[in-house]
Amino acid sequence: MSNDWDNWNHLAARYQQPGPRKILALDGGGIRGLMTVKALLRLEEILAKGRGGSDFRLCNYFDYIGGTSTGAIIAAALATGMSVSDLLVFYQDFGRQAFTKRNFFQRWKSLYENGELEQKLKQVFGEHTDLSPENLQTLLLVVTRNKTSDSAWPISSNPSALFNDPASSNCNLRIPLWRIVRASAAAPVYFPPEVIRVDPSDPEQDFVFVDGGTTPYNNPAFLMYRMATHPAYRLGWDTGEDKLLIVSMGTGAAPVAGTGSEDPEQNLASSAVNTLAAVMNQAQVDQDMNCRTVGRCSYGPWLDLEVGDLVPGDEQGEKLSLDQNLGRQFLYIRYDVELSRNGLDDLGLPDVDPQLVSKLDSTEGMDDLLRIGGKLAERISKEHLGPFA
């Protein structure tokens, strides 16, 4: 790792110390992020015991917090030092205000106005607050997609990263935090794109950004592993089951049912919304699978009937103790639920409509999402953390 600690400001003292390191990765999923926040409240309560009580924040425990789309909003709030209880209050208010429909004649562009979303982000993060380390309590990653260059743009606050050199005119750390988060959450069909001038002195550096969920990194967990450990990203953290922890939080698996043979075509709007949801869901599954095969999964829901949950076990099917090091690259935990009829029934929520809570913009389903998040929270256990407990 680079030793340019002068650029790290108050974070230098923390990151100069040797590991182990801990990563929190947060999926995209629109208003379903409310479920994630509810579950994070339980995680914060578990970790707070013996670590500062009411003064404890998740940023005190996790060394790198990242997210995509709605996960980017949550990640940024946590990285700036917000408690999960305060985040829950903000997020409920944010959800109701951000999804303000355009009038009928404007909807050919996008379903929702940008104004409420932008104002709420400015309100919580500050209009001029940027990614500089003095504004954060831990490292932050926000996944965006640069539509101009047709490429995924994961923007990290790592002061040692190549494009974060304060001497450079296009230093990413100078981009306002609210604008980066807004770019990550600019879901096509739902919200207008975000235009960011990366280099204030160069109009040629104007780029159009859309939702990071339209990249392969709607679940950013495996991306964060690479960015934390590969030398190219200039962090160079150690790998190993006792040296690196990744906790990955989903927003509910919501597979999109395909069209039947009796009705193979859909109208354009319906097809666009369904395609976005399908891309996000399939990308989440792929990244989850990567983490479970490269890392050591201590807990996670079943992936499919063929591979199960990939939590290592013995010949009798008993889960192996985390005291037994298998030589994997990191310890991995995945918390998520399935928003199907069967999945909700298994949670003890037979009265919840799966179609309602699966939508990315279902403000009328917010109360049910909180209930689902509460059920997910019951699955969070200190035992899953192994040596990081």
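The notes below deal with the structure included here. (Residues numbered from 1 in each chain as written. Predicted model: local features only at pLDDT ≥ 70, side-chain atom pairs only at ≥ 80, totals over all residues. Heavy atoms only, no water.)

What follows deals with the packing of aromatic side chains. One pass over the full model with this rule turns up eleven aromatic pairs. Judged by centre distance (5.4 Å) and plane angle (70°), the ring pair of Trp153 and Phe209 falls under edge-to-face. Placement of the pair is Trp153 in strand β4 (residues 151-156) and Phe209 in strand β6 (residues 206-211), with a sequence separation of 56 residues. A centroid spacing of 5.5 Å and a plane angle of 35° characterise the contact between Tyr299 and Tyr335, whose relative ring orientation is tilted. Here the residue Tyr299 occupies a position in strand β8 (residues 296-299), and Tyr335 occupies one in strand β9 (residues 331-335), the gap between them amounting to 36 residues. Owing to a relative accessible area of 2%, Tyr335 belongs among the buried residues under this scheme. Through a chain of ring-to-ring contacts, three or more aromatic side chains come together here, namely Trp5, Trp8, Tyr15, Tyr64 and Trp237. (Phe/Tyr/Trp six-rings, centres within 6.5 Å; stacked < 30°, edge-to-face > 60°. Helix = DSSP H or I, 4+ residues; strand = E, 2+ residues; numbered from the N terminus. Buried < 20%, exposed > 50% of the residue type's maximum accessible area, 1.4 Å probe, protein only.)

Moving on: the packing of helix α2 (residues 33-48) against helix α5 (residues 84-98). At their nearest, the axes of α2 and α5 sit 9 Å apart, and the two run at 165° to each other. As judged from the angle between their axes, α2 and α5 are roughly antiparallel. Every pair of crossing elements has a handedness; the one defined by α2 and α5 is left-handed. Taking contact as the criterion, the partners of Gly33, Leu34, Val37, Lys38, Leu40, Leu41 and Glu44 in α2 are, on α5, Val84, Ser85, Leu87, Leu88, Tyr91 and Gln92. Its residues placed into classes, the contact of α2 with α5 shows eight nonpolar, three polar and two charged. (Axes fitted to C-alpha atoms, helices over the stretch in contact; angles between N-to-C directions. Parallel < 35°, antiparallel > 145°, perpendicular 65-115°, else oblique. Left-handed = near helix turned anticlockwise from the far one by under 90°. Contact = heavy atoms within 4.5 Å. Nonpolar A, V, L, I, M, F, W, Y, C, P; charged D, E, K, R; others polar.)

Another point: the pattern of salt bridges. Summed over all chains, the structure comprises 21 salt bridges. The residue Glu45 makes a salt bridge to Arg42 at a minimum N-O spacing of 3.8 Å. Of this pair, Glu45 and Arg42 both sit in helix α2, separated by three residues, roughly a single helical turn. Since its relative accessible area comes to 42%, Glu45 is described here as partly exposed. Residues Lys319 and Asp309 are paired through a salt bridge, measuring 3.3 Å at the closest nitrogen-oxygen approach. One end of the pair, Lys319, is in the loop between β8 and β9; the other, Asp309, is in the loop between β8 and β9, and ten residues separate them in sequence. Here the salt bridges do not stand alone but share partners, grouping Asp27, Asp288, Arg292, Arg334 and Asp336 into one network. (Salt bridge = Lys/Arg side-chain N within 4 Å of Asp/Glu carboxyl O.)

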